[in-house]
Amino acid sequence: MQGPAPYLDHLQVPVDPQNHLPPPSLPVNVAPPLTIEAFCDQVAPRPPGSSSCEPKLCGYLQKQAGPLRAWKLRWFTYEEKKNQLFYYRTPQDVMPLGRVELSGATFTYPLKAESGTFHIKTPERTFILKAVSQELMLYWLQQLQVRRWHHQQTSTCSEQANNNNNMTDHFLPVLKSPVGLVGQEAAIAPTQRTPLASMSIKHPLIQIQNSVHSLRKRTSQDSSQTLFYSDVLPWIGSSEPTENSATTDSRERPAEAPPPSDPAGDPVAQVRGAESSESASPSEGRSRRTRGASTMPPPRRDTSSSSERAARLQQEKQMLVEEVRAQKELVWILHKALEAAQLEKRTCAEFVAVADEQQRLELLRHRERQAADLRGRLEETRVEAETLRRSLADRDARLAEQQDDIRLLTEKNAAKQQVIIKLSDHMTSCLADPRQSDSSGSVQNPQNQQQLQQQIENLKDDMEAYKTQNKFLNSEIYQLTKLWRKSSEQERSLMVKCAYLEATNCQMESRYLGVLRKLQEAKSLAPEQQESVQKMIEEALKGELKSIMKLSSDREYDEYGFKIMSDYEVEDMKLLAKIQALEIRSHNLLHQDTAERPLLGRWAQYLAGRSEDDLCPSPELKALLRGGVPREYRQRVWRWLVRTRTRTLWEHHPQRYQQLCEKSRTSPHPASRQIQLDLHRTLTTNQNFSSPSSPALQQLRRILLAFSWQNPAVGYCQGLNRLAAIALLVLQNEEDAFWCLVAVVEVIMPQDYYTKDLVASQADQRVLKDFMAEKLPRLAAHFEGHSIDVSLITFNWFLVVFVESLPSDILLPVWDAFLYEGTKVIFRYALALFKYKEEDLLKIQDGVEIYQYLRFFTKTISDSRKLTSIAFNDMNPFPRRLLRNRRALHLERLQGELRELEEQQKEFVTESAERKDKELEMVSEDDDEL
């Protein structure tokens, strides 16, 4: 069972009132093939009023195609389900030549092109089409816009489509359907076709299929006399009842229509052929009068009927002649293919007939030599033809140039002669009668006025055309903007849903792994159960982060290159690492919109209208920095903070970094070897420093060497490589990263913080213990009870400002506030970290387990907002004066202890030297006695 033709897919089939049965279906294929949804839509009864007066969007348009960019007449029809525009060679074709995807297409039309030309631009290509008139072109463009909008509305949300299905923003007036040019009426209208003008060379197989199908249809019509055309003609009359007589008259004059080139390609020929076949059958005529009496009058048996029959027979004869011509071309093509096949068969037969293998090889070699000879001749012929073509083109070019020169000279000569004649006449008239010259001038003025008036009219027409084009382009831009905004909102909502689902998945995975960890620690399980739990844990540990929580490849590393899930050397910690990575990921997904967007908006409002040098310290900037700087503005803000801290240095020495780099190249520093060793230990979890050949490592090496010459008192200290690496990742510039390292070591941090004895660093550890005793008394007592020395963990925090101790999404906001407020931020966050995990630490009653927990607990922090709130709210008051006084107190005590230690060392050295002298004297006395 095959569907209707593409231009009759919405035709209502009449029902026989006597038998109450529909006529037989049409043996025509449909393109594209029917889906289940389309079949259900066609079979289901249409509601009343569904067949509106608006015709189906289909009709003839010219399409520019081929290497010569020639215009070819094609039948276009719009398919609503897929929002596609199919084009055929004729309305009766079953296979389309191609299609145009309208979902992502844009429409426009150039003014300077031919009248009725418009473009449909898709992501793949641009289709250039042309209508017969400007009005038909605007109607097609407006209808395509409306269909595209309706498809977008219905495909996204049915409820929203019901509310917004009617687009009220019309920049152009709604155009009515041109009569006879759009819809099924255009399929039976006479078309001007020349033989082989619309043949598709690009689609020969489709052309042959359509021709064969047309021939089968013609044969079936001649043999069975189907009711197809008796059903079509009443539909034509019912669509326009007031023009019934005019339609009948046009059908009774077939000689007015030009002869078609292909019976399968001309709908008029098929309709008229059907009329002739039906008029020859009285019974069919009676049934036709029963069904379509309102449109087809009964045939009259007089001279007019016989003349009409003769004309129809003549038309059918001419149509059959054209069809035979087309079939002859098809037979010629098949004949050529048959000749090639016979030649190949003959060659194969000769090869098979030879009994000896040697003779077969000789035959193959002979054929190969012949083929090579033919290829050589063909190549020589091609070269010769190309040479002749080039020489002919050169001659044609020279001839054209000479003809242009002759034409220009002739025009110049004629113009000069006209000027001479005019001047001579004017001089003669002036000499004869001076008044006549005035009158002639007055006669020329109306001519000039007419020319100016004509130019003005032309300009007005151009202005109206540009106005129409501008209105259409405005409507296209407006509709595309609405579609883009709608798709953006849908994408945003889908991203939120996806983030929520991914966060939920991460939570479930985290809970599952947490249950496995608790079961692993439980001691009441049977050996079989413990083995099962251990197996499940191993399976969980085998899968990488990609298979557990990652939906895209870029989730393994963040935007700065830090690895999301930390690596642990201890096997027992790997499960905990995955749990904390899942919790961090879940928290970030659930709070990214509520935290990042308001923060980004506040920073955008603050930095709007401010240049990089216009930033100044203020309470507003301080509050913003405590909340963190968005990634889009972090590089700019850090550069301003660094330049503010080191303004006096780089203003006096603007080329300082280049000079230090040159010095490090000419004279190696004593610490260069240690720097080279520490390069490969820097931020090993960051993909920018993981490769030995990474350019970031070379930049880091130059920065550290330059700083070792900048500050001889410090030179190089282990930990400076991490500080410089963080600055390089954010600032993305060697010189800026160098000045950031200078600002941290020489300006922000206390003096002697990175010297060999690290006095200031040790003093800060004692200050931290004092603050813990005040702010976290229970935890301080707990540590003291288990003899826990917190400085073994926190000393590295202070030395490198939490680098490689905190996740990157928490570390960088800490640095944002640290570069502005100084070392007080380090104390705040160190206390906040212990406060964040205070309850968990108090539950641990073993000193070894406490140390083990303190090694990695900072990387399990998932809620950065909570940590920031603890640091800047719960730790208040935190006066800077108190910090400065306690630091000075402990620094003085520590220096005193160091002096005592030095004195003890000196005494020890003196005593050991005296003891050695005595021992040497005793040894010498013993030697003398011996």
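### Here's the deal with the overall build of the chain
Scanning the chain from N- to C-terminus turns up 32 helices and seven strands. When burial is assessed residue by residue, the chain has 39% of its 930 residues classed as buried. Across the chain, the fraction of contacts at a sequence separation of at least 24, relative to all contacts at a separation of at least 6, is 71%. Surface summary for the chain: the accessible area is close to 54,700 Å², and the carbon and sulfur share equals 54%.

### Focus: the packing of aromatic side chains
Centre distance and the angle of the planes are the two values used to describe a pair of aromatic rings. Tallied over the full model, the rule gives 21 aromatic pairs. Ring centres of Phe-76 and Tyr-87 lie 5.4 Å apart, and the angle between their planes is 35°; this geometry places the pair in the tilted category. Here the residue Phe-76 occupies a position in strand E2 (residues 70-79), and Tyr-87 occupies one in strand E3 (residues 84-88), the gap between them amounting to eleven residues. Look at Phe-76 and you get buried, because its relative accessible area is 0%. Owing to a relative accessible area of 7%, Tyr-87 belongs among the buried residues under this scheme.

### What to know about the sheet that holds strand E4 (residues 98-101)
The seven strands lie next to each other as E4-E3-E2-E1-E7-E6-E5, forming an open sheet whose pairing is antiparallel. Among the strands making up the open sheet, the edge pair consists of E4 and strand E5 (106-108). Pairs of neighbouring strands in the sheet enclose a mean axial angle of 35°, with direction left out of account. Relative to strand E7 (residues 126-130), strand E1 (residues 58-65) is paired through two bridges, and the arrangement is antiparallel. Bridging across to E7, Lys-63 finds its partner in Leu-129.

### A word on the packing of helix H27 (residues 808-821) against helix H28 (residues 824-836)
Here H27 crosses H28 at 145°, and the two axes come no closer than 8 Å. Along its contact with H27, which presents Val-814, Ala-817, Phe-818 and Glu-821, the element H28 presents Lys-824, Val-825, Ile-826 and Tyr-829. Residue composition of the contact of H27 with H28, by class: six nonpolar, no polar and two charged.

### Regarding the pairing of E4
Along E4, the buried face is formed by Gly-98 and Val-100; none of Arg-99 and Glu-101, which line the opposite face, is buried. Sheet analysis places E3 next to E4, joined by four bridges and oriented antiparallel. By the bridge assignment for E4, Phe-86 is matched with Arg-99.

### Focus on the pairing of E3
Consecutive side chains along a regular strand alternate between the two faces of the sheet. Burial analysis of E3 places five of its five residues in the buried class, which makes it a mostly covered element. What you see with E3 is no split at all: Gln-84, Phe-86 and Tyr-88 on one side and Leu-85 and Tyr-87 on the other are buried throughout. Sheet topology places E2 next to E3; five bridges connect them, and they run antiparallel. Pairing of Glu-79 across the sheet is with Gln-84, part of E3. Connecting E2 to the next strand, E3, in antiparallel fashion are four residues, including Asn-83 with a positive phi near 55°.

### A look at a negative patch on the surface
Together, Asp-752, Asp-757, Glu-900, Glu-902, Glu-903, Glu-907, Glu-911, Glu-914 and Asp-917 make up a negatively charged patch on the protein surface. Looking at the secondary structure, you find Asp-757 in the loop between helix H23 (734-748) and helix H24 (759-775).

### Examining helix H19 (residues 656-666)
Regarding H19, the residues found buried are Tyr-657, Leu-660, Cys-661 and Ser-664. The buried residues of H19 occupy an angular sector of 100° when projected down its axis, which confines them to one face. Elements that come into contact with the buried residues of H19 comprise helix H21 (695-710) and H23.

### Observations concerning the pattern of salt bridges
Taken as a whole and assessed by the stated rule, the structure comprises 27 salt bridges. Taking the shortest distance from any N to any O, the salt bridge between Asp-816 and Arg-634 comes out at 3.0 Å. Linking Asp-816 in helix H27 with Arg-634 in helix H17 (residues 631-645), this pair joins segments that are 182 residues apart in sequence. Across this residue pair, the class does not change: Asp-816 and Arg-634 are buried. The salt bridge involving Glu-838 is made with Lys-835; its shortest N-O contact spans 3.5 Å. For Glu-838, a relative accessible area of 6% gives the class buried. One network of salt bridges, with partners in common, ties together Arg-778, Lys-835, Glu-838 and Glu-839.

### As for the nonpolar core
Residues Leu-720, Phe-802, Trp-815 and Phe-834 are the most contacted members of the largest nonpolar core, which totals 112 residues. When near neighbours in sequence (up to four residues on either side) are disregarded, Phe-834 contacts Met-772, Leu-776, Leu-779, Phe-783, Val-790, Thr-794, Trp-797, Leu-841, Leu-854 and Phe-857. Of all hydrophobic cores here, the second largest spans 27 residues; its members include Leu-61, Leu-85, Leu-97 and Ala-131.

### Here we look at the environment of Asn-688
With respect to the helices and strands, the residue Asn-688 is situated in the loop between helix H20 (672-679) and H21. Take Asn-688: its relative accessible area is 29%, and that puts it in the partly exposed class. Taking the C-alpha atoms as reference points, Asn-688 and Gly-561, separated by 127 residues in sequence, lie 6.2 Å from one another. When sequence neighbours within four positions are dropped, the list of residues in contact with Asn-688 reads Tyr-560, Gly-561, Ser-694, Ala-696 and Leu-729.

### Let's talk about unusual backbone geometry
Excluding glycine, most residues fall at negative phi; most peptide bonds, likewise, are trans. A cis amide bond, omega -5°, links Asn-876 with the succeeding residue Pro-877. Tracing the backbone through its elements, the reader meets Pro-877 in the loop between helix H31 (864-874) and helix H32 (880-929). Residue Leu-683 is not a glycine yet carries a positive backbone phi of 45°. In this structure, Leu-683 sits in the loop between H20 and H21. Overall, Leu-683 belongs to the buried group, its relative accessible area being 0%.

### Structural notes on helix H26 (residues 791-800)
Here H26 lies mainly inside the structure; seven of its ten residues are buried. All of the buried residues along H26 are Ser-791, Ile-793, Thr-794, Trp-797, Phe-798, Leu-799 and Val-800. Phi turns positive one or two residues past the end of H26, at Val-801, with a value near 55°.

### Concerning the side chain of Gln-145
Among the structural elements, Gln-145 can be located in helix H2 (residues 134-156). Since its relative accessible area comes to 6%, Gln-145 is described here as buried. When near neighbours in sequence (up to four residues on either side) are disregarded, Gln-145 contacts Phe-107, Phe-472, Ser-475, Glu-476 and Gln-479.

### Thoughts on the packing of H17 against helix H22 (residues 720-731)
Between H17 and H22, the least distance of the axes is 8 Å, while the angle of their chain directions is 125°. The angle between H17 and H22 falls in the class oblique. Where H17 abuts H22, its residues Arg-634, Gln-635, Trp-638 and Arg-639 lie against Ile-726, Ala-727, Val-730 and Leu-731. The residue makeup of the contact of H17 with H22, split by class, is five nonpolar, one polar and two charged.

### Some thoughts on the confidence of the model for the chain
Predicted confidence across the chain gives a mean pLDDT of 77, with 74% of residues reaching 70 or more. Throughout residues 224-301 the model reports pLDDT below 50, and contacts reaching past four residues in sequence, or to other chains, amount to 119 contacts. A low-confidence stretch, residues 544-554 (pLDDT under 50), is modelled with 20 contacts involving residues beyond four sequence positions or located in other chains.

What counts, and where the lines are drawn
Residues numbered from 1 in each chain as written. Predicted model: local features only at pLDDT ≥ 70, side-chain atom pairs only at ≥ 80, totals over all residues. Heavy atoms only, no water. Helix = DSSP H or I, 4+ residues; strand = E, 2+ residues; numbered from the N terminus. Buried < 20%, exposed > 50% of the residue type's maximum accessible area, 1.4 Å probe, protein only. Contact = heavy atoms within 4.5 Å. Areas by Shrake-Rupley, 256 points an atom, 1.4 Å probe, with all protein chains shown as cover. Phe/Tyr/Trp six-rings, centres within 6.5 Å; stacked < 30°, edge-to-face > 60°. Pairing = 2+ DSSP bridges. Axes fitted to C-alpha atoms, helices over the stretch in contact; angles between N-to-C directions. Nonpolar A, V, L, I, M, F, W, Y, C, P; charged D, E, K, R; others polar. Patch = residues over 30% accessible without salt bridge, like charges linked within 9 Å, V, L, I, M, F, W, Y side chains within 5 Å. Salt bridge = Lys/Arg side-chain N within 4 Å of Asp/Glu carboxyl O. Lys, Arg positive; Asp, Glu negative; His and termini not counted. Charge placed at Lys NZ, Arg CZ, Asp CG, Glu CD. Arc of directions from axis to C-beta. Core = buried A, V, L, I, M, F, W, Y, C linked by side-chain atoms within 4.5 Å. Parallel < 35°, antiparallel > 145°, perpendicular 65-115°, else oblique. pLDDT = per-residue confidence, 0-100.

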